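# Descriptive analysis of the structure
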Amino acid sequence: MFRITRPLLQALKQTTGIHGLKVHPDPLPELVKTYESTLSALSSVPQTSVYRQGVEALVRHKLNIVNGAKGDISVAETQLNEGHIEEALDIAADELSLVAKMVEWKAWEPLEEKPEPGQWEYPATATSS
């Protein structure tokens, strides 16, 4: 009896069905590497930053999912809920890129200029006098 394993099935996968998104031959190790790089890059952001806290929690959660899938791509795809595993790779790469930008921008620092009164109020939360 011939049984197709997940890595073999991934190797046989010819298309993601999404224009411009190529099939990755071995996505899970690449995803783990990207998540770990993101966590490493976040060490440049102060621990008190809400951005760091949020991204760190999300990336650790996703890393736990991928590690818990034990090499099963379909399990990882289902639990990540980001479409094809290649889409999850794109999302992870984008997040890693954003961390670098946030470090460059020092987004956790206070604004250089005070905001105009009411600038950060939204209609649903604005208080009426």
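Since we're looking at a predicted model, the values are computed, not measured.

## Here's the deal with the pattern of salt bridges
Applying the stated rule across the entire model yields 3 salt bridges. Across the pair Glu56 and Arg60 runs a salt bridge whose closest N-O atoms are separated by 3.7 Å. In this pair, Glu56 and Arg60 both sit in helix H3 (residues 50-68), 4 residues apart, roughly one turn of the helix. When its relative accessible area of 18% is taken as the criterion, Glu56 is described as buried. Here Glu82 and Lys62 are joined by a salt bridge, their closest N and O atoms 2.5 Å apart. Linking Glu82 in the loop between helix H4 (73-80) and helix H5 (85-105) with Lys62 in helix H3, this pair joins segments that are 20 residues apart in sequence. Each member of the pair Glu82 and Lys62 is classed as buried. Here the salt bridges do not stand alone but share partners, grouping Arg52, Glu56 and Arg60 into one network.

## Brief notes about the side chain of Thr38
Considering the arrangement of structural elements, one finds Thr38 in helix H2 (residues 27-42). Its relative accessible area of 1% is what places Thr38 among the buried residues. Dropping the residues within four chain positions of it, Thr38 is found in contact with Val55, Val59, Ala92, Glu95, Leu96 and Val99.

## Describing H4
For H4, every residue scored as buried is listed here: Ile73, Ala76, Glu77 and Leu80. Take H4 and look down its axis: the buried residues cluster within an arc of 100 degrees, on one side only.

## A short note on the packing of H2 against H4
As a packed pair, H2 and H4 sit with axes 10 Å apart at the nearest point and diverge in direction by 45 degrees. Comparing their axes, H4 and H2 come out oblique. Across from Pro27, Leu28, Leu31 and Tyr35 in H2, the residues of H4 making contact are Ile73, Ala76 and Leu80. Broken down by class, the residue content of the contact of H2 with H4 amounts to 7 nonpolar, no polar and no charged.

Rules used throughout
- Residues numbered from 1 in each chain as written.
- Predicted model: local features only at pLDDT ≥ 70, side-chain atom pairs only at ≥ 80, totals over all residues.
- Heavy atoms only, no water.
- Salt bridge = Lys/Arg side-chain N within 4 Å of Asp/Glu carboxyl O.
- Helix = DSSP H or I, 4+ residues; strand = E, 2+ residues; numbered from the N terminus.
- Buried < 20%, exposed > 50% of the residue type's maximum accessible area, 1.4 Å probe, protein only.
- Contact = heavy atoms within 4.5 Å.
- Arc of directions from axis to C-beta.
- Axes fitted to C-alpha atoms, helices over the stretch in contact; angles between N-to-C directions.
- Parallel < 35°, antiparallel > 145°, perpendicular 65-115°, else oblique.
- Nonpolar A, V, L, I, M, F, W, Y, C, P; charged D, E, K, R; others polar.

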